Structure formats: structure tokens, C-alpha cells
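Geometric and topological summary
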Amino acid sequence: SRWCMVPSLTNGRLGMLAALVAVSLVLASIAAGVAFCVQLSVDALVTGELAPVFAVTIGCVFATLAIGGALLEVFRTWAAEKLGLGYVADIRAQLFDHLLRVSPDVLAQRGQGGLLLPFVGDLTALKKWVSDGLVRLISATASSALLLIVLGLQSVALAAAAGAIVALGAAAVLLLSGPLSRAIKETRKRRGVVASFVSRSIRAAGSIRAFNRFHRENKRLARRNGALVEASLSLAR
């Protein structure tokens, strides 16, 4: 992203994004419908009015909602993967084209491992964010909004309490975004250092064997590995 313009996520994928939003809203509606069926069943059991016809009807509705939700979840998973893979393919192609056009002097300033890292590591993480994180964000937002509205129709006080908890969670995410971003950058940097070191060592394998520098190279790799482990643990925290 520092070297070239990143392609837009909506470029040629607006229909897929719209479908994911629609599916998320339908799944949220199904969740509300299932909860309503459970409420009706419990109320009927408590009052002793659970007639056989009513029980069969509720069971059929519940089964229909469950099967429909499962099918939509399969579609959402497929669509999310298609969205993420297509977006990453566009970035990989654009990045590769840019690298071919950059002058050798600029490329020489960066290690080969650091240049290769986006193709094998960073873009995989980006694909996961688009396919998993973005879809979960869309689904969670749609589900939370719809379920809070349904809950508000039942109890305004309970909906307000639940909404406050959701708002606190969103605020916590925003507060953590800064430290998380710095931890991600540090982890990427350390991963690139390890990749560049290994790449250089492989190219210099002949001289390493000739001068018996195995122990020295292993110690240098251990230091870089240690820095990468610390950065990764910081990211995990």
C-alpha cells in the first residue's frame, strides 16, 4: 500500500458486498424469528396451551428457519471467500506490476524477503480480514441493530441496557485500534527481517560452508526469531 494505489474493495464487487449485507440482514431476521418461536413455545408450555397443532406448526417454522439459515450461512461463507480472494488477487497483480517498473536502485534498498513477504504473508492476512473480519463486522452490525429494535419492542429499558453494552464494546475496539495497528506494523517488520536474512543466507550458503560460519548464522537467526516472537506476542496481547 505504500508503493502503489490500493484497488477499491467495491471495484467490480459491489454486487457481492450488497448480497453479503442482505444475507446478514436475513440471518439476523432468522435469529429473531427463532427467538420468537422459542418464546411462543415457552409461553404455551407455561400456560398449558401447547396444543398438538400449535406444536407441529411451531416445529415446522423452526425447522424451516434453521434449514434456511444453514443454507444462507453456506452462501455467506462462499461469497466472503470469493470477495477476499478476488480483492487479494487484484492487489497482488497491481503490486507485481509495480515492482517490475521500479528502478533497481529502489529495489536494492529493500531486502528480497521483505519484497516477497506481501505475496506470501501479508496478503493472506488481508484476505482473512476481508473474507472473515469484514463479513463478521457487516453481520454483527446488522444483527445487533435488528435485534436491538426487536428487543426495544419488548422492553425499552432492556434494549437501552443492551445498546449501552454494545456501545461500550465499540468504544473499546476504537481505543485498541491504535496499539493494535502499531503491533501489526512491528510484527510485519520483524517478519520481513527474518525473511530477508534467510534469503541472504541461502544466497551466501557457499561462503558460509567455506568459512564454517554455521554457529554464527544460527545465532543471528535466533536473535531475529526472538524479536519476531516478542512482536507476535505483543500482537496477541
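Worth saying up front: this structure is predicted, and the values here are computed from it rather than measured.

1. Describing the overall build of the protein chain
Counting its regular elements, the protein chain contains 7 helices and 0 strands. Scanning the protein chain from its N terminus toward the C terminus, one meets helices and strands in the order α-α-α-α-α-α-α. Put simply, the protein chain has 237 residues, and 25% of those count as buried. Taking all contacts inside the protein chain whose residues are at least 6 apart in sequence as the whole, residues at least 24 apart take part in 82%. Here the protein chain has roughly 15300 Å² of accessible surface; of this, 70% comes from carbon and sulfur atoms.

2. What about the environment of Ser-29?
Its location among the elements puts Ser-29 in helix 1 (residues 14-47). Along the sequence, Ser-29 and Ser-143 sit 114 residues apart, while their C-alpha atoms lie 7.7 Å from each other.

3. Looking at the packing of aromatic side chains
This structure, assessed with the given rule, holds 1 aromatic pair. Here the aromatic rings of Phe-75 and Trp-78 are separated by 5.9 Å at their centres, their planes lie at 35 degrees, and the arrangement is tilted. In this pair, Phe-75 and Trp-78 are both assigned in helix 2 (residues 52-101), 3 residues apart and thus about one turn of the helix distant. For Phe-75, a relative accessible area of 31% puts it in the partly exposed group.

4. A closer look at the nonpolar core
Core analysis: the largest hydrophobic core is formed by 15 residues, its most contacted members being Leu-9, Leu-17, Leu-20, Leu-83, Tyr-87, Val-130 and Leu-134. If you list the elements that add at least two residues to this core, you get helix 1, helix 2 and helix 4 (112-154). Examining the composition of this core, we find that 6 residues originate from one element, helix 2, more than from any other. Listed in part, the 6 residues of the second largest apolar core include Val-23, Leu-27, Cys-37 and Ile-58.

5. Brief notes about the layout of surface pockets
Reported here for the second largest pocket is a volume of approximately 390 Å³. Leu-176, Ser-177, Leu-180, Ser-181 and Ile-184 are the residues nearest the centre of the second largest pocket, which is lined by 14 residues in total. Among the elements of the structure, helix 5 (156-203) and helix 7 (214-236) are those that each provide at least two residues to the lining of the second largest pocket. For the lining of the second largest pocket, the element with the most residues is helix 5, which contributes 10 residues.

6. Regarding the pattern of salt bridges
According to the stated counting rule, one finds 3 salt bridges in the structure shown. The partner of Arg-190 in a salt bridge is Glu-186, with the nearest N and O atoms 2.8 Å apart. With Arg-190 and Glu-186 both in helix 5 and 4 residues apart, this pair spans about one turn of that helix. Glu-217 is the partner of Arg-220 in a salt bridge, and the nearest nitrogen-oxygen pair spans 3.2 Å. Taken as a pair, Arg-220 and Glu-217 lie in helix 7 at a separation of 3 residues, close to a single helical turn. We classify Arg-220 as partly exposed; its relative accessible area is 22%.

7. Description of a nonpolar patch on the surface
On the surface, Val-38, Val-42, Val-46 and Phe-62 cluster together into a nonpolar patch covering about 350 Å² of accessible area. Considering each element in turn, the nonpolar patch owes the most residues, 3 residues, to helix 1. With respect to the secondary-structure elements, Val-46 resides in helix 1. The exposed category is assigned to Val-46, whose relative accessible area is 68%.

Calculation notes
Residues numbered from 1 in each chain as written. Predicted model: local features only at pLDDT ≥ 70, side-chain atom pairs only at ≥ 80, totals over all residues. Heavy atoms only, no water. Helix = DSSP H or I, 4+ residues; strand = E, 2+ residues; numbered from the N terminus. Buried < 20%, exposed > 50% of the residue type's maximum accessible area, 1.4 Å probe, protein only. Contact = heavy atoms within 4.5 Å. Areas by Shrake-Rupley, 256 points an atom, 1.4 Å probe, with all protein chains shown as cover. Phe/Tyr/Trp six-rings, centres within 6.5 Å; stacked < 30°, edge-to-face > 60°. Core = buried A, V, L, I, M, F, W, Y, C linked by side-chain atoms within 4.5 Å. 1 Å grid on protein atoms, 1.4 Å probe; cavity = no way out; pocket = protein on both sides within 12 Å on 5 of 7 lines; lining within 4 Å. Points joined across faces, edges and corners; volume = space filled by probe spheres on them. Salt bridge = Lys/Arg side-chain N within 4 Å of Asp/Glu carboxyl O. Patch = residues over 30% accessible without salt bridge, like charges linked within 9 Å, V, L, I, M, F, W, Y side chains within 5 Å.

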